[in-house]
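# Observations on the model geometry
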Amino acid sequence: MAKKPTKRTKARRQIINDPAMPLLSGVEAVKPSPAKPLPPARQRAWNRERERWKESQRVAAAARRAERQARLERRPKQFTDGFTLPDDVRRFAMHLFDAGMYEVPTFDQPGDRMAHVLELLQRLEAAYMQGVTQGYIEGRIANLEPRRHASLKANEAKRRKPREYAGTVMTVEQRDERIVAEYVTLCAMMPVGQARERLAAKYECDPRTIYNVARNAGVIPTRDRR
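Turning to the packing of aromatic side chains, a few remarks are in order. Scanning the model with the defined rule gives three aromatic pairs in all. A centroid spacing of 5.4 Å and a plane angle of 75° characterise the contact between Phe79 and Phe83, whose relative ring orientation is edge-to-face. When its relative accessible area of 5% is taken as the criterion, Phe79 is described as buried. Relative to Tyr136, the ring of Phe83 has its centre 6.0 Å away and its plane inclined at 20°; by these criteria the two rings are stacked. Of this pair, Phe83 sits in the loop between helix H1 (40-73) and helix H2 (87-96) while Tyr136 sits in helix H3 (residues 113-160); the two residues are 53 residues apart in sequence, bridging distant segments of the chain. By relative accessible area, Tyr136 is classed as partly exposed at 24%. Here the aromatic cluster, defined as three or more aromatic residues joined through ring pairs, consists of Phe79, Phe83 and Tyr136.

Below you can see the structure in the form of structure tokens.
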């Protein structure tokens, strides 16, 4: 004879009456329903969506790294490795640094806790000063950019303006072309230094200017003729 199925008993209600949680006194404690696994099709769709999100994060991170590297490469020479903040800026930044704003965690590892705290604060201070340094550099570059642009425009206007060189009216570019041609000829006839001095006297400039013009044109002699 089959056993008659019994009636399912209702789950017993549990009321919270814990003195440690006075705000929840008298509230029924309801257990969360167990999570049901997704159907295979939805699980595959969710996996694809997760992979697309991960790929987008990787692409965004690579773009940020490339942009940062390009920004570092655009920095002027005085702001590259080895740059230090001016003393007044460093003192002001350290005056604003407040180690008390950081919560020092509890260390479980054995050893002197104060040593761990001091090491953590030193790292926080180093990270803070690194951020100040990078911000100062970017601010200085942003301030210098309009000046650099104005200087380039002034130099271009100067190069386009005709002037008299060696008794002939010409632009700076035309003068440089003549200097390069004469420089190659003179270096085959005399020492390089003497050729520079002769051209500097002819075009009323410094021998270093002759060297820079020849270097930009790629005609620097490999050795000095003696």
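Still more ground to cover, so stick around.
A separate point is the nonpolar core. Core analysis: the largest hydrophobic core is formed by 17 residues, its most contacted members being Ile179, Tyr183, Ala195, Leu199 and Ile210. Taken together, the elements giving at least two residues each to this core come down to helix H4 (172-187), helix H5 (192-203) and helix H6 (207-217). Here the element with the most residues in this core is H4; it accounts for six residues. With residues up to four places along the chain from it excluded, the contact list for Ile210 reads Ile179, Tyr183, Arg196, Leu199, Ala200 and Cys205.

What follows covers a nonpolar patch on the surface. On the surface, Met21, Leu23, Leu24 and Val27 cluster together to form a nonpolar patch covering roughly 390 Å² of accessible area. Relative to the assigned elements, Val27 resides in strand E2 (residues 27-28).

If you walk through the whole model with that rule in mind, you get eight salt bridges. Salt-bridge contacts for Glu49 lead to Arg52; the nearest nitrogen and oxygen are separated by 2.6 Å. With a gap of three residues between them, Glu49 and Arg52 both fall in helix H1, about one helical turn apart. When its relative accessible area of 45% is taken as the criterion, Glu49 is described as partly exposed. Taken together, the shared-partner salt bridges connect Glu67, Arg71, Arg75 and Glu138 into one network.

Quick notes on the rules
- Residues numbered from 1 in each chain as written.
- Predicted model: local features only at pLDDT ≥ 70, side-chain atom pairs only at ≥ 80, totals over all residues.
- Heavy atoms only, no water.
- Phe/Tyr/Trp six-rings, centres within 6.5 Å; stacked < 30°, edge-to-face > 60°.
- Buried < 20%, exposed > 50% of the residue type's maximum accessible area, 1.4 Å probe, protein only.
- Helix = DSSP H or I, 4+ residues; strand = E, 2+ residues; numbered from the N terminus.
- Core = buried A, V, L, I, M, F, W, Y, C linked by side-chain atoms within 4.5 Å.
- Contact = heavy atoms within 4.5 Å.
- Patch = residues over 30% accessible without salt bridge, like charges linked within 9 Å, V, L, I, M, F, W, Y side chains within 5 Å.
- Areas by Shrake-Rupley, 256 points an atom, 1.4 Å probe, with all protein chains shown as cover.
- Salt bridge = Lys/Arg side-chain N within 4 Å of Asp/Glu carboxyl O.

Functional significance is not addressed by these values, which are geometric in nature.
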